[in-house]
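Residue-level listing of the chains:
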Amino acid sequence: MHRREIAPEVYLSSAPAEQFCRQRLSINFIWPAEKENATAEALLALAMERGYEDCPDMTELSKKLAALYGASLSVDTVVNGGNRVLTVAVSGIKDAFALEGERLSTEYAKIAFGAAFRPVMQDGVISPEFIEIEREQLREELESEMNEKRLYCLRQARRKFFGDAPAGVERHGYLSELDGVTPSRVTDAFWHMVNTARMEVMCFGLDDAQVETQLRAALSMLTGRCPAPLRPMETMPRQEEQMYDEPMDTVQGKLCMLFTSDHPVKGMERSIMRVAVALLGGTATSRLFQNVREKMSLCYYCSAGYAASTGVLSIDSGVEHANADAAKAAILNELEALKTGEITEKEMQDTKLALKNALRGVNDSLGAMENWNFGELLNGSGLTPEQAIEQIEAVTVQQVKEALAQFSLSVTYRITKEGAQQ
């Protein structure tokens, strides 16, 4: 991708995406996450998706998108490390496929920048009607968290792991604070975002000159802009393992373990960690899958993941309640075996092949291309998938061992039947 700075902490990246019949434009706001603002920011994202100044209700917005050959608008927010990211994205077919020669890319950009910079206002605040509707939607989201036990267990482990650290700020905010968030607070969150966030505008298949013109016009309306420094990647300090059991009458128990390391990885270390974590529990040929699940039959699933933005290695599993202790011991044994024991050449090649195949598929969809490039912008690596493949091919067994040796267990969280044999 070609990336250039349009204004202080405002960047425009573009790629022709010639292999696709669709085009996509996203506006990504990135700023330091704060717990006290989390619920207002979650509501903000939901309200922004309902409409904007030129399309002030969902019915009108839906008609407009339908008229543009079924274009789509989405607004989403996540917390990445210690920073919040809010993304406004519009996608639809390319101009060349319009039946009457319409300039679809121009219309897509109008919608995206309208949703991002001109929300529906009433008496100086974002539409109270939007806020009340989305408050109930967000309430349902927060109250239904326990319905998906695997995600719930992971989230509970993260809460214990991060505590009050910025990386632990909740993506969807906090149920206890929801009723107290007023339209004024949501509006304050909006102005704080557009005035302090770093902006990464990414266009695939659009005329980037036209996008730049509309971006500059949007920026010219902001009179108080003062970008704030983003929080750097950092790891949580080492600690003695903290264990938590949550009694729950479920058919299947859940086990989640979070590990911390000495430092967040950068550069070539990221490729080493990709291989190490995939070898541990990221593929069908991994140690956890082959040994803990298949040979020992101690779990229904067992997988490992690594978050580069926080340096957290996570291992989560679905287990029989009575097998929770045995599964945990087996998982830790497999991790230790990779740190100190033999790793065969076949294991390395099978793991690398799986990773390389996944990377070769990055350019097969606009969404995957955007996710990859945005992730590389955030971590500062700037690698193409092809460059990442070259790095993965160069990873050695010794580098894998050294990478995994950095980790120590910090938190274990289990969902288990009360009184079950552990």
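About the criteria used
Residues numbered from 1 in each chain as written. Predicted model: local features only at pLDDT ≥ 70, side-chain atom pairs only at ≥ 80, totals over all residues. Heavy atoms only, no water. Helix = DSSP H or I, 4+ residues; strand = E, 2+ residues; numbered from the N terminus. Buried < 20%, exposed > 50% of the residue type's maximum accessible area, 1.4 Å probe, protein only. Contact = heavy atoms within 4.5 Å. Areas by Shrake-Rupley, 256 points an atom, 1.4 Å probe, with all protein chains shown as cover. Salt bridge = Lys/Arg side-chain N within 4 Å of Asp/Glu carboxyl O. Axes fitted to C-alpha atoms, helices over the stretch in contact; angles between N-to-C directions. Parallel < 35°, antiparallel > 145°, perpendicular 65-115°, else oblique. Left-handed = near helix turned anticlockwise from the far one by under 90°. Expected span 1.5 Å × (residues − 1). Pairing = 2+ DSSP bridges. pLDDT = per-residue confidence, 0-100. Polar contact = N/O pair within 3.5 Å; in protein donor to acceptor, adjacent residues only side chain to side chain.

By the naming in an unreviewed UniProt entry, the protein chain goes by Insulinase family protein and is assigned to Candidatus Ruthenibacterium merdavium.

Q: Explain the overall build of the protein chain here, please?
A: Scanning the protein chain for helices and strands turns up 15 helices and 13 strands. Taken over the C-alpha atoms alone, the protein chain extends approximately 60 × 50 × 40 Å along its principal axes. Every one of the 422 residues in the protein chain was classed for burial, and the buried ones make up 53%. Considering only contacts within the protein chain whose residues lie at least 6 apart along the sequence, 81% involve residues at least 24 apart. Here the protein chain has roughly 18,600 Å² of accessible surface; of this, 51% comes from carbon and sulfur atoms.

Q: For this particular structure, what's the right way to read the pattern of salt bridges?
A: Side chains carrying opposite charge are able to pair once their charged atoms draw close together. For the coordinates displayed, the defined rule picks out 31 salt bridges. A salt bridge links lysine 417 to aspartate 249; the shortest N-O distance between them is 3.9 Å. In this pair, lysine 417 is assigned in the segment after strand E13 (408-416) and aspartate 249 in the loop between strand E9 (242-247) and strand E10 (253-260), connecting sequence segments 168 residues apart. Classification of lysine 417 as partly exposed rests on a relative accessible area of 34%. Aspartate 249 sits in the exposed class, given a relative accessible area of 72%.

Q: How should I be thinking about the packing of helix H11 (residues 324-340) against helix H15 (residues 397-405) in this particular structure?
A: The contact between H11 and H15 brings their axes to 7 Å, and the two run at 130°. Comparing their axes, H15 and H11 come out oblique. Crossing handedness for the pair H11 and H15: left-handed. Residue-level contacts link Leu335, Ala337, Leu338, Lys339 and Thr340 of H11 to Lys401, Leu404 and Ala405 of H15.

Q: What is the right way to read helix H9 (residues 268-281) from this model?
A: Three- or four-residue spacings in an α-helix give side chains the same orientation, since the helix completes a turn every 3.6 residues. Across its 14 residues, H9 extends 20 Å between first and last C-alpha, which sits within 8% of the 20 Å expected from 1.5 Å per residue. Among the 14 residues in H9, eleven count as buried, and that is most of the element.

Q: Whenever I open this one, the sheet that holds strand E5 (residues 83-93) confuses me. Can you help?
A: Reading across the sheet, the six strands line up as E1-E2-E8-E3-E5-E4 and stay open at both edges, with mixed pairing between neighbours. This sheet does not close on itself; its edge strands, each paired only once, are strand E1 (2-7) and strand E4 (72-80). Averaged over all neighbouring strand pairs, the angle between strand axes comes to 15°, with direction disregarded. When strand E3 (residues 22-32) meets E5, the two strands line up antiparallel, connected through eleven bridges. Bridging across to E5, leucine 25 finds its partner in valine 90.

Q: In this structure, what is going on with the confidence of the model for the protein chain? I would like to understand it.
A: In regions of low pLDDT, the predicted coordinates are not meant to be interpreted in detail. Scored by pLDDT, the protein chain has a mean of 94; 99% of the residues are at 70 or more. Ranking the elements of the protein chain by mean pLDDT puts helix H13 (residues 366-379) last with 91 and helix H1 (residues 38-48) first with 98.

Q: Can you walk me through the side chain of glutamate 212 in this structure?
A: Tracing the chain through its elements places glutamate 212 in helix H8 (residues 208-220). According to the relative accessible area criterion, glutamate 212 is buried, its value standing at 17%. Sequence-distant contacts of glutamate 212, defined by excluding residues within four places in its chain, comprise Arg4, Ile6 and Leu12.

Q: Any chance you could explain H8 here in plain terms?
A: The end-to-end C-alpha distance of H8 is 18 Å, a good match for the 18 Å that 13 residues give at a rise of 1.5 Å each. Residues Val211, Glu212, Gln214, Leu215, Ala218 and Leu219 constitute the buried set of H8. Tucked into the core, H8 has its buried residues touching E1, strand E2 (10-15), E3, helix H3 (104-117) and strand E8 (198-204).

Q: Help me understand the pairing of E3, please; the structure alone is not making it clear to me.
A: A regular strand places its side chains so that they alternate between the two faces of the sheet. Of all eleven residues that make up E3, ten are buried, and the element is covered over most of its length. When E3 meets E8, the two strands line up antiparallel, connected through seven bridges. Across the sheet, residue asparagine 28 finds its bridge partner in E8, namely glutamate 200.

Q: Please explain the environment of serine 317 as it appears in this structure.
A: Position of serine 317 relative to the elements: it lies in strand E12 (residues 312-319). Judged by relative accessible area, serine 317 falls into the buried class, the value being 1%. The spatial distance from the C-alpha of serine 317 to the C-alpha of threonine 250 is 14 Å, given a sequence separation of 67 residues. Those residues within four positions of serine 317 in sequence are excluded, and the remaining contacts are Gly253, Lys254, Leu255, Cys299, Tyr301, Cys302 and Ile331. Within the local environment of serine 317, its side chain forms a polar contact with the backbone oxygen of tyrosine 301, the two atoms lying 2.8 Å apart.

Q: Which parts of the structure should I look at to understand the environment of valine 181?
A: Looking at the secondary structure, you find valine 181 in the loop between helix H6 (175-178) and helix H7 (183-196). Once the C-alpha coordinates of valine 181 and threonine 39 are considered, the two residues, 142 residues apart in sequence, prove to be 7.3 Å apart.

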